Amino acid sequence: MDTLISLLIVVLLLVLPLKFAAKFIGAKNTGFFACLFALIVSALFQYGFNQVFPGLDQTYGWIVTVPVAALAYMLVLGTTFLKAVLIAIVQVVLMVLLTALVAGLLAGL
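Residues numbered from 1 in each chain as written. Predicted model: local features only at pLDDT ≥ 70, side-chain atom pairs only at ≥ 80, totals over all residues. Heavy atoms only, no water.

## A look at the packing of helix α1 (residues 2-25) against helix α2 (residues 32-52)
For the record, the criterion: Angles here are taken between N-to-C directions and fall from 0 to 180 degrees, while the axes themselves are lines fitted to C-alpha atoms, restricted in helices to the stretch in contact. Numbering of helices and strands runs from the N terminus, with a helix taken as a DSSP run of H or I at least four residues long and a strand as a DSSP run of E at least two residues long. Here roughly perpendicular refers to angles of 65 to 115 degrees, roughly parallel to angles under 35, roughly antiparallel to angles over 145, and oblique to all remaining angles. Residue contacts are counted whenever heavy atoms from the two residues lie within 4.5 Å of one another.
Relative orientation of the contacting elements α1 and α2 amounts to 105°, with a least axis distance of 9 Å. With respect to α2, the element α1 is oriented roughly perpendicular. Side by side, α1 and α2 meet where Val-11, Leu-12, Leu-14, Val-15, Leu-18 and Lys-19 of the first sit next to Phe-32, Cys-35, Leu-36, Ala-38 and Leu-39 of the second.

## Focus on the side chain of Thr-79
Selection rule: Only protein chains enter the accessibility calculation, which uses a 1.4 Å probe; a residue whose area is less than 20% of its type maximum is buried, one above 50% is exposed, and one in between is partly exposed.
By the secondary structure assignment, Thr-79 is in the loop between α3 (61-77) and α4 (81-107). Judged by relative accessible area, Thr-79 falls into the buried class, the value being 12%.

## A short note on the environment of Asn-29
Within the fold, Asn-29 resides in the loop between α1 and α2. Setting aside residues up to four positions removed in sequence, Asn-29 forms contacts with Ala-34, Val-76, Leu-77 and Gly-78.

## Points about a nonpolar patch on the surface
Cut-off, in case you're wondering: Grouping into patches uses exposed residues only, defined as over 30% relative accessible area, and leaves out salt-bridged ones; the cut-off is 9 Å for like charges and 5 Å for nonpolar side chains (Val, Leu, Ile, Met, Phe, Trp, Tyr). Only the protein chains shown count as covering a residue, and every accessible area follows the Shrake-Rupley method with a 1.4 Å probe. A side-chain nitrogen of Lys or Arg and a carboxyl oxygen of Asp or Glu constitute a salt bridge if their distance falls within 4 Å.
Side chains of Ile-40, Leu-44, Phe-45, Leu-71, Leu-75 and Phe-81 sit close together on the surface and give an oily, nonpolar patch of about 550 Å² of accessible area. Residue assignment for the nonpolar patch shows that the elements contributing at least two residues are α2 and α3. It is α2 that contributes the most residues to the nonpolar patch, 3 residues altogether. By the secondary structure assignment, Leu-44 is in helix α2.

## Remarks on the side chain of Gln-91
Checked against the element boundaries, Gln-91 lands in helix α4. Excluding its chain neighbours within four sequence positions, the residues that come into contact with Gln-91 are Leu-14, Pro-17, Leu-18, Ala-21, Leu-39 and Tyr-73.

## Description of α1
Applied cut-off: Expected span of a helix: the number of residues minus one, times 1.5 Å.
Between the first and last C-alpha of α1 there are 35 Å, a value that for 24 residues agrees with the 34 Å anticipated at 1.5 Å per step. What α1 keeps buried is the set Leu-13, Val-15, Pro-17, Leu-18, Ala-21, Ala-22 and Ile-25. Elements that come into contact with the buried residues of α1 comprise α2, α3 and α4. At the exit of α1 stands Gly-26, carrying a positive phi of roughly 105°.

## Let's talk about the packing of α2 against α3
To be explicit about the condition: The handedness criterion is simple: a crossing whose near helix is rotated anticlockwise from the far helix by less than a right angle is left-handed, and one whose near helix is rotated clockwise is right-handed.
Close contact between α2 and α3 brings their axes to 8 Å; oriented N to C, the two are set at 140°. By the angle class used here, α2 and α3 are oblique. With respect to the hand of their crossing, α2 and α3 are arranged in right-handed fashion. Contacts between α2 and α3 pair Ala-34, Cys-35, Phe-37, Ala-38, Leu-39, Val-41, Ser-42, Phe-45, Gln-46 and Phe-49 from the former with Val-64, Thr-65, Val-68, Ala-69, Leu-71, Ala-72, Tyr-73, Leu-75, Val-76 and Leu-77 from the latter.

What follows is the structure, given as structure tokens:
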């Protein structure tokens, strides 16, 4: 049961920031499952990119991550590339804040 709750928390920490960012920026598809599918497609694109360019240093990996994630968001969420880049940036900021909030609550702060 603990594993199921942990998995649910992780999925919510990943999907909810994307859902809020997509709705805030104005994407066409902002449903929960559309955002979950966008995250899966983004992860597959990033995995494929890492397989094609395996020597990419971790220092510059974030430069590639944002456009690759934006491409997936553009295709799945039905928005322009520029809006998808903004969605990716807002999603990361919201995810960091939400994760810090949940970690603080779990730590009892």
